[in-house]
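Structural features, examined
In case you want the letters, here they are:
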Amino acid sequence: MSKTKIIAGNWKMNANSNDAMHLVKTIQNQVLNYPTNNTVIVAPPFVYLPLVSNELNNNSSVKIAAQNCSQFNDGAYTGEVSATMLHDLNIPFVIIGHSERRQYFNEADEILLEKINQALNNNLKIIFCCGENLALRESNEYFSFIQNQLENTIFQLDENQIKNIIIAYEPIWAIGTGKTASPEQAQAIHAFIRALLTKAYGTDIAQQIPILYGGSVKPSNAKALLSCNDIDGALVGGASLNASDFIDIIYAI
Ligand code: PGA
């Protein structure tokens, strides 16, 4: 079975409206002949979602994601954006559990599970991030740490719900640092996550769930990472803000 491959660009809190338009137009023009089984996702800041989304053709291989959603449905939560609102704007994907949300906005596993449920209740597909920091990597406890992150969150889902999850393994020590996990290091974690999925949901489902790698992915290292058995794509931060670098990564698949 040929698996769906996904290259997702997380713009974080970057770009202005001109940059956003330029990026999405350039990317969309460059992927006209992209293999139909593969998907490109761009995740602009909330305020640019309508702008970017209006630029995308219905049948484009480029899809759009929000970078976050609220754990609440609606109400007096100043500054928050609900999954219902994203659904209302026809946004199909949302990133949940990015390490920057966990670290700077104190999003613990319990909150992330609430966000996951909000997103699923609104028919959104989720890019769910996990990954260890440098201290955990050096202490060799990262396998059990990642297992815990997953068991507290997405492994609470049933067989139908889990099919809406895309996992992104993003070692924090490799995010924005220029240090990338080697293909062997990344593959070892991806295989571990796949084995956990197999144990929890069986082989068929485990094989269908894309596991992306993220952390300083760039044109020079994308091919080696993306050719690993259990790496089904990439979640790209910095390099996704440069159209030509992002396109090189898209075609490294
Ligand atoms: P980076 O970010 O590619 O800039 O390291 C990846 C991410 O945070 O998703």
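Provided above is the structure to which this section pertains.
These notes cover the structure that comes with them. (Residues numbered from 1 in each chain as written. Predicted model: local features only at pLDDT ≥ 70, side-chain atom pairs only at ≥ 80, totals over all residues. Heavy atoms only, no water.)

1. What to know about the overall build of the chain
Scanning the chain for helices and strands turns up 12 helices and 8 strands. What you see for the chain is a C-alpha radius of gyration of 17 Å, in line with the 18 Å of a compact globule of 253 residues. Considered along the principal axes of its C-alpha atoms, the chain spans approximately 45 × 45 × 35 Å. Within the chain, buried positions represent 53% of all 253 residues. Put simply, 72% of the contacts in the chain that link residues at least 6 apart link residues at least 24 apart. With 16 positive and 23 negative side-chain charges, the chain shows a separation of 6 Å between the mean positions of the two kinds. (Helix = DSSP H or I, 4+ residues; strand = E, 2+ residues; numbered from the N terminus. Rg over C-alpha atoms; globule rule 2.2 N^0.38 Å. Buried < 20%, exposed > 50% of the residue type's maximum accessible area, 1.4 Å probe, protein only. Contact = heavy atoms within 4.5 Å. Lys, Arg positive; Asp, Glu negative; His and termini not counted. Charge placed at Lys NZ, Arg CZ, Asp CG, Glu CD.)

2. Quick notes on the packing of helix 11 (residues 219-226) against helix 12 (residues 243-250)
Axes are the key here: two packed helices are described by the angle between their axes and the distance separating the axes. Relative orientation of the contacting elements helix 11 and helix 12 amounts to 20°, with a least axis distance of 9 Å. If you check the angle between helix 11 and helix 12, you find them roughly parallel. Considering only the axes of helix 11 and helix 12, their crossing is right-handed. For the pair formed by helix 11 and helix 12, the contact residues are Pro 219, Ala 222 and Leu 226 on the first element and Asp 245, Asp 248 and Ile 249 on the second. Of the residues contributing to the contact of helix 11 with helix 12, the split by class is 4 nonpolar, no polar and 2 charged. (Axes fitted to C-alpha atoms, helices over the stretch in contact; angles between N-to-C directions. Parallel < 35°, antiparallel > 145°, perpendicular 65-115°, else oblique. Left-handed = near helix turned anticlockwise from the far one by under 90°. Nonpolar A, V, L, I, M, F, W, Y, C, P; charged D, E, K, R; others polar.)

3. Concerning the nonpolar core
Residues Ile 154 and Ile 193 are the most contacted members of the largest nonpolar core, which totals 73 residues. With 7 residues, helix 9 (residues 183-201) is the single largest residue contributor to this core. Ignoring any residue separated from it by four or fewer positions in sequence, one finds Ile 193 in contact with Cys 130, Ile 146, Leu 150, Ile 167, Tyr 169 and Ile 211. Counting 13 residues, the second largest nonpolar core, distinct from the first, contains Ala 8, Ala 65, Ile 95 and Cys 129. (Core = buried A, V, L, I, M, F, W, Y, C linked by side-chain atoms within 4.5 Å.)

4. Quick notes on helix 7 (residues 142-151)
Turning to helix 7, its buried residues number three or more, namely Tyr 142, Ile 146, Gln 149 and Leu 150. The buried residues of helix 7 occupy one face: seen down the axis, they fall within an arc of 95°. Elements in contact with the buried residues of helix 7: helix 4 (99-104), helix 5 (109-121), strand 5 (125-130), helix 6 (134-139), strand 6 (165-169) and helix 9. (Arc of directions from axis to C-beta.)

5. Notes on the packing of aromatic side chains
Per the counting criterion, the structure on display carries 6 aromatic pairs. When the ring of Tyr 34 is compared with that of Tyr 251, the centres are 5.4 Å apart and the planes differ by 85°; the resulting orientation is edge-to-face. Residue Tyr 34 is located in the loop between helix 1 (17-30) and strand 2 (38-43), and its partner Tyr 251 is located in the segment after helix 12; the two are separated by 217 residues in the primary sequence. For Tyr 34, a relative accessible area of 5% puts it in the buried group. An aromatic cluster is built from Tyr 142, Phe 143 and Phe 192, whose rings are joined through pairwise contacts. (Phe/Tyr/Trp six-rings, centres within 6.5 Å; stacked < 30°, edge-to-face > 60°.)

6. Here we look at the pairing of strand 2
Among the 6 residues in strand 2, 6 count as buried, and that is most of the element. Of the two faces of strand 2, the one holding Asn 38, Val 40 and Val 42 and the one holding Thr 39, Ile 41 and Ala 43 are both buried throughout. Following the chain from strand 1 (residues 5-10) across helix 1 to the adjacent parallel strand 2, one finds a crossover that is right-handed. Inspection of the sheet shows strand 2 paired to strand 3 (residues 62-66) by 3 bridges, in the parallel sense. Within strand 3, the position partnered with Val 40 by the bridge is Val 62. For the handedness criterion, the β-α-β arrangement of strand 2, helix 2 (residues 49-55) and strand 3 is classed as right-handed. (Right-handed = clockwise from strand over helix to strand, strands pointing away. Pairing = 2+ DSSP bridges.)

7. Looking at the side chain of Ser 53
Summarising the element assignment, Ser 53 is placed in helix 2. Overall, Ser 53 belongs to the buried group, its relative accessible area being 19%. In this view, Ser 53 contacts Ile 64, Leu 89 and Ile 91; residues no more than four positions away in its chain are not counted.

8. Some points on the site of the ligand
The environment of the ligand is made up of 13 residues, and the closest members are Lys 12, His 98, Glu 170, Gly 176 and Ser 216. In this structure, an oxygen atom belonging to the ligand sits 2.7 Å away from a side-chain N or O atom of His 98. In this structure, an oxygen atom belonging to the ligand sits 2.8 Å away from a main-chain N or O atom of Gly 237. Coverage of the ligand by the protein chains reaches 95% of its 280 Å² of free accessible surface. (Near = heavy atom within 4 Å. Polar contact = N/O pair within 3.5 Å; in protein donor to acceptor, adjacent residues only side chain to side chain. Areas by Shrake-Rupley, 256 points an atom, 1.4 Å probe, with all protein chains shown as cover.)

9. Notes on the pairing of strand 8 (residues 233-236)
Every second residue of strand 8 is oriented toward a common face, with Gly 233 and Leu 235 on one face and Ala 234 and Val 236 on the other, all of them buried. Relative to strand 8, strand 1 runs parallel, the two being bridged by 4 bridges. Counterpart to Ile 7 in the pairing with strand 8 is Ala 234. The pairing of strand 7 (residues 211-214) with strand 8 spans 2 bridges and is parallel. In the sheet register, Gly 214 faces strand 8, and the bridge partner there is Leu 235. This β-α-β element, strand 7 to helix 11 to strand 8, shows right-handed connectivity.

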